[in-house]
Amino acid sequence: MGKMLEKHKSELVVRAEAEYVKKTEEFLPAGELEQRAYEFILEKHVGQKRDEGSPYTDHLVAVASIMRDWMGVVDHEVIAAALLHDVVEDTPVSLEEVKALFGERVARLVEGVTKLKGGGLSKKERDLHARVEVVRKGGWEPEVVLLKLADRFHNMSTLSHVSVEKQQRKAEETLAVYVPLAESLGVWEVKRALEDLSAFYLHPEKMAEAKKMIDPDQRFSAQFLYHWQSVLGQMIKEMGIEGEVKWQAMGYWEAIQKRDKLGLADFSRVQLVSFRVVVENERQAREVAAETRMRMPEDVNVDRADDFITRPAYNGYSALQETLELVEGSLEIAIATKEGEKFNRFGVVSLIAKGEENLGEYSQNLIFDKEGKVIK
């Protein structure tokens, strides 16, 4: 299973691991607080190893790196908490000691992550139902959830050395709890990565089959991507609008769910690729959407249009979305403002990066169905 996962990891996961996951000796603390936290874990976790034999501090540094370099969290207290997030659970260090050495907020974040992990539960109680109950009682600070998402991503990407039973349990828990948490905070890249990592353990044959169909899709060819990036870029230039055109791929599991929901046999009508047209303000966004319909009337499918600017999604996602039905397959064009797109990529992280302090309205109070699955 481990070798299969390595072979079939999505491009998003491979890129995230290569670009953002650092080892202990590669980590460069930013500021005095991070430096002290880094030195503290080197001392307190000395000799501890992970299942595959690597130093345990590699995991702590990886979580901090994922938060800082991938999610874009630059808050020194949050990064310090990321480095320290296992010190209370896995060493003799107390929460009071963390508070005395690193401050009340760092200690509160470490405590929150410990509880969100199921701290205090017996081994017998640490099943999916028990952990869902822990989250159900939540009201978690966004920083705690983000920290746990980074922790879960690194753990999920290094599961090949544990038992099949543990792989299945972790994957099931990730899909049931942490993917909805990531979606609820608008951390879309992390959500897609966690979905794909989990689904390859839970549905390996289905995921491998989908990957085999999706990877050679014409919509991922360099020629197709360059063509549409040029077309859209030229269009806004002719309109006198300064903007940026990027593209992103849908995750494998996300594509499977969309295909199954539409009752399709293949992925031709699934919007595997989304072009992001990022402009200055809402007026320009609406002008670009209107221009797209005017220039491509035979390709635009008005029935698949969405206005998430007038009515943002429940997690704050905002954009105007148009769908083109092309010979190569369906293509999404999402038009967003600069500020909106910052939130669209990493949700509340964009607010933390701006220094916004009152994030209480984004705390997690999830709604579950009778089977314990997150529905909102």
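All of the points below concern the structure found in this document. (Residues numbered from 1 in each chain as written. Predicted model: local features only at pLDDT ≥ 70, side-chain atom pairs only at ≥ 80, totals over all residues. Heavy atoms only, no water.)

**Concerning the overall build of the protein**
Thought 1: Each helix and strand in the protein was counted, giving 18 helices and five strands.
Thought 2: Residues counted as buried form 52% of the 376 residues belonging to the protein.
Thought 3: Sequence separation of 24 or more characterises 72% of the internal contacts of the protein that already satisfy a separation of 6 or more.
Thought 4: Accessible surface, the protein as shown: approximately 17600 Å² in total, 50% of it carbon and sulfur. (Helix = DSSP H or I, 4+ residues; strand = E, 2+ residues; numbered from the N terminus. Buried < 20%, exposed > 50% of the residue type's maximum accessible area, 1.4 Å probe, protein only. Contact = heavy atoms within 4.5 Å. Areas by Shrake-Rupley, 256 points an atom, 1.4 Å probe, with all protein chains shown as cover.)

**Observations regarding the environment of Gly243**
Thought 1: Topologically, Gly243 is positioned in the loop between helix H14 (222-238) and strand E1 (244-249).
Thought 2: Residue classification places Gly243 among the partly exposed residues on the basis of a relative accessible area of 42%.
Thought 3: For the pair Gly243 and Ala336, spaced 93 residues apart in the sequence, the C-alpha separation amounts to 10.0 Å.
Thought 4: When residues no more than four places from it in sequence are discounted, the contact partners of Gly243 are Ile236 and Val278.

**Describing the packing of aromatic side chains**
Thought 1: Counted according to the given criterion, the structure contains seven aromatic pairs.
Thought 2: Look at Phe200 and Tyr252: their rings are 6.3 Å apart centre to centre, the planes differ by 70°, and that puts the pair in the edge-to-face class. With Phe200 in helix H12 (residues 188-202) and Tyr252 in helix H15 (residues 252-262), this residue pair connects regions lying 52 residues apart in the sequence. An identical accessibility class is assigned to Phe200 and Tyr252; each is buried.
Thought 3: Here the aromatic residues Tyr20, Trp70 and Phe153 are joined through ring pairs into a cluster of three or more. (Phe/Tyr/Trp six-rings, centres within 6.5 Å; stacked < 30°, edge-to-face > 60°.)

By themselves, these figures tell us nothing about what the structure is for.
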